[in-house]
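Tertiary structure, described
One letter stands for each residue in the lines below.
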Amino acid sequence: MEALKPLEHKFKAMVFSLCKLFFAKGQKEFKPIDGNAIKKVLFLRPEKLGDMIISFPVFDGLKKHFPHIEIAILASLRSKAIIQNDKRFSKIYMYLKNPLKDFATLRKMRKAKYDCVVDMIGDDSVTALFLSQLAAPGKPRIGIGKTKYKKYYDYNYLYRTNNTNHIIENTLKILDAFGIDSSKESGYAEPYVSSQELKFAEKTVQVLRKSDKTKVVGYNLSAGAVNRIWAKEKSTELLKKIIAQSSDNQILLFTTPDERERAKPLLDALPENVYLIPENLSLTSVAALIKYLDILISPDTSLVHIARAFDVPVVGLYSKFMKNFMLWRPYDQKVGAVVSSNEHNIFDITVEQVFDTFKILMENRKTVEQ
């Protein structure tokens with residue numbers, strides 16, 4: 001499938017060159033949209049799970065100032081699990097990369113007559129450009145991070161000129177298009193979790209709390225890519241150090257359903273104080289468990305952003321790809337990102353680096369609690 005990507009991009013470029021003459025250009029002098037004068041906004045976010053999670057502060061910020069506005073979202077199947085029951089959205093559409101089905105979805109969006117379209121993809125995307133033009137013809141188009149296609153948007157925040165901002169801070173800039181001062185809005189927004197899932201998670205974690213001194217440490221083994229998987233020998237050594245630091249420390253291992261076997265070596269090497277999350281949990285149930293952790297240790301995955309949404313401290317493992325690291329580091333933490341010495345993987349991150357960062361965050365948490 002990856003080999004077909006260049007052909008897909010060339011085809012899209014060809015179609016774009018044929019259609020761009022008919023595309024409407026954005027306003028030269030954009031005036032912020034009066035949220036009181038509109039009723040429905042369509043957001044385009046057909047990307048990965050992490051992209052959806054860091055977008056929640058935008059939806060909450062818009063709703064806080066204009067609670068009457070109905071928010072619709074175009075998402076991908078990769079993020080469906082985290083939003084399918086989310087009360088933020090009046091309507092959820094799925095982008096399937098199937099021309100016939102996606103055309104039918106586009107017709108439904110046009111029929112809904114949205115007052116504004118917000119393209120949240122922080123880059124130039126031909127797909128998003130088409131959708132922003134066709135989903136609500138004649139209505140304001142809001143973009144972020146556009147360079148080649150910025151002229152087709154009425155408002156565009158070009159965050160590439162300031163790469164020191166976190167991706168959440170950059171994405172919040174969308175709210176400026178609605179006359180909302182994004183610098184004053186919170187970057188914290190929890191994913192929707194049902195009351196039943198919260199009760200189950202609280203009970204599950206509470207079983208691990210042997211005393212008031214107990215700290216429950218989440219350790220995520222699943223990374224989504226081989227270059228983000230830390231050696232099992234290092235994981236074992238790290239967890240031994242955490243348990244040796246305090247016998248009250250309890251480890252809760254997180255894996256995707258198809259990677260549970262990766263937890264077995266750790267469970268065999270550490271028969272006490274280490275537990276694996278229950279089987280067959282939904283993503284929102286996993287999120288609920290994370291909410292009750294004292295800290296999470298994880299490679300660069302969506303679980304990092306779920307944890308920070310709940311204000312749970314994170315030790316995150318990153319390759320030295322600075323654009324990615326600066327944008328996607330654990331939100332609102334001065335300490336927490338452990339960065340390898342190369343751009344390709346996290347293999348050379350040492351146990352001492354991770355353990356030292358863990359100790360700092362736990363000490364900071366203790367200070368805050370006191």
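Moving on, we get to the nonpolar core. Of all hydrophobic cores here, the largest spans 67 residues; its most connected members are Phe43, Leu62 and Phe178. Here this core gets 6 residues from one element, more than from any other, and that element is helix α11 (residues 283–291). Setting aside residues up to four positions removed in sequence, Leu62 forms contacts with Val41, Phe43, Ile69, Ile71, Leu175, Phe178 and Ile180.

Attention now goes to the pattern of salt bridges. Summed over the entire model, instances satisfying the criterion amount to 13 salt bridges. For Arg45, the salt bridge is made with Glu47, and the minimal N-O distance between the two is 2.2 Å. Classification of Arg45 as buried rests on a relative accessible area of 3%. For Glu47, a relative accessible area of 16% puts it in the buried group. Between Arg308 and Asp311 there is a salt bridge, with its nearest N and O atoms 3.5 Å apart. Residue Arg308 is classed as buried on the basis of its relative accessible area of 6%.

So, on to the pairing of strand β4 (residues 116–119). In β4, alternate side chains face the same way, and those of Cys116 and Val118 on one face and Val117 and Asp119 on the other are all buried. Bridge count between strand β1 (residues 40–45) and β4: 4 bridges; the pairing is parallel. Pairing of Val41 across the sheet is with Cys116, part of β4.

The description of two aromatic rings rests on the distance between their centres and on the angle between their planes. Under the defined criterion, the tally for this structure stands at 10 aromatic pairs. Here Phe43 and Phe59 contribute two aromatic rings whose centre-to-centre distance is 5.0 Å and whose plane-to-plane angle is 80°, an arrangement assigned as edge-to-face. Highlighted residues: Phe43 in strand β1 and Phe59 in helix α3 (residues 56–65), separated in sequence by 16 residues. We classify Phe43 as buried; its relative accessible area is 0%. Using a relative accessible area of 1% as the deciding quantity, one classes Phe59 as buried. Geometrically, the ring pair formed by Tyr318 and Phe325 is edge-to-face, given 5.8 Å between the ring centres and 70° between the ring planes. On the basis of relative accessible area, Tyr318 is assigned to the buried category, the value being 1%. In this structure Phe325 comes out as buried when scored by relative accessible area, which is 12%. Grouping aromatic residues by their ring pairs yields a cluster made of Phe43, Phe56, Phe59 and Phe89. Positioned over the ring face of Tyr114 is Lys40, at 5.2 Å from the centre of the ring.

A sheet is described by the order of its strands in space; here 6 strands give the open sequence β3-β2-β1-β4-β5-β6, paired in parallel fashion. Each having just a single partner strand, β3 (89–95) and β6 (155–157) make up the two edges of the open sheet. Within the sheet, the average angular offset between the axes of one strand and its neighbour, ignoring direction, is 15°. In the packing of α3 onto the sheet, contacts are made with β1, β2 (70–76) and β3, and the angle to β2 comes to roughly 170°.

To continue, consider the sheet that holds strand β7 (residues 215–220). Taken together, the 6 strands give an open sheet; going across it, the order is β9-β8-β7-β10-β11-β12, and neighbouring strands pair in parallel fashion. Only two strands of the sheet have a single partner each, and these edge strands are β9 (274–276) and β12 (337–339). Averaged over all adjacent pairs, the angle separating strand axes in this sheet is 20°, with direction ignored. As paired strands, strand β8 (residues 249–254) and β9 are joined by 3 bridges and run parallel to one another. Pairing of Ile251 across the sheet is with Val274, part of β9. Relative to strand β10 (residues 295–299), helix α12 (residues 302–309) is tilted by about 160°, and along the sheet it contacts β7, β8, β10 and β11 (314–318).

Two elements in contact, helix α8 (residues 195–208) and α11, have axes separated by 8 Å at closest approach and are oriented at 50°. Taken together, the axis directions place α8 and α11 in an arrangement best described as oblique. Regarding α8 and α11, the two cross each other, and that crossing is right-handed. Contacts from Glu197, Leu198, Ala201, Thr204 and Val205 of α8 reach α11 at Thr284, Ser285, Ala288, Leu289 and Lys291.

Our focus in this paragraph is the side chain of Ser340. As for its placement among the helices and strands, Ser340 is situated in the loop between β12 and α14 (351–369). The buried category is assigned to Ser340, whose relative accessible area is 5%. Within polar-contact distance, the side chain of Ser340 engages the backbone nitrogen of Lys320 at 3.4 Å. At 2.8 Å, the side chain of Ser340 forms a polar contact with the backbone oxygen of Asn345. Beyond its immediate sequence surroundings of up to four residues, Ser340 is in contact with Tyr318, Ser319, Lys320, Asn345, Ile346, Asp348 and Ile349.

The rules behind these values
Residues numbered from 1 in each chain as written. Predicted model: local features only at pLDDT ≥ 70, side-chain atom pairs only at ≥ 80, totals over all residues. Heavy atoms only, no water. Core = buried A, V, L, I, M, F, W, Y, C linked by side-chain atoms within 4.5 Å. Buried < 20%, exposed > 50% of the residue type's maximum accessible area, 1.4 Å probe, protein only. Helix = DSSP H or I, 4+ residues; strand = E, 2+ residues; numbered from the N terminus. Contact = heavy atoms within 4.5 Å. Salt bridge = Lys/Arg side-chain N within 4 Å of Asp/Glu carboxyl O. Pairing = 2+ DSSP bridges. Phe/Tyr/Trp six-rings, centres within 6.5 Å; stacked < 30°, edge-to-face > 60°. Lys NZ or Arg CZ within 6 Å of the ring centre and 35° of its normal. Axes fitted to C-alpha atoms, helices over the stretch in contact; angles between N-to-C directions. Parallel < 35°, antiparallel > 145°, perpendicular 65-115°, else oblique. Left-handed = near helix turned anticlockwise from the far one by under 90°. Polar contact = N/O pair within 3.5 Å; in protein donor to acceptor, adjacent residues only side chain to side chain.

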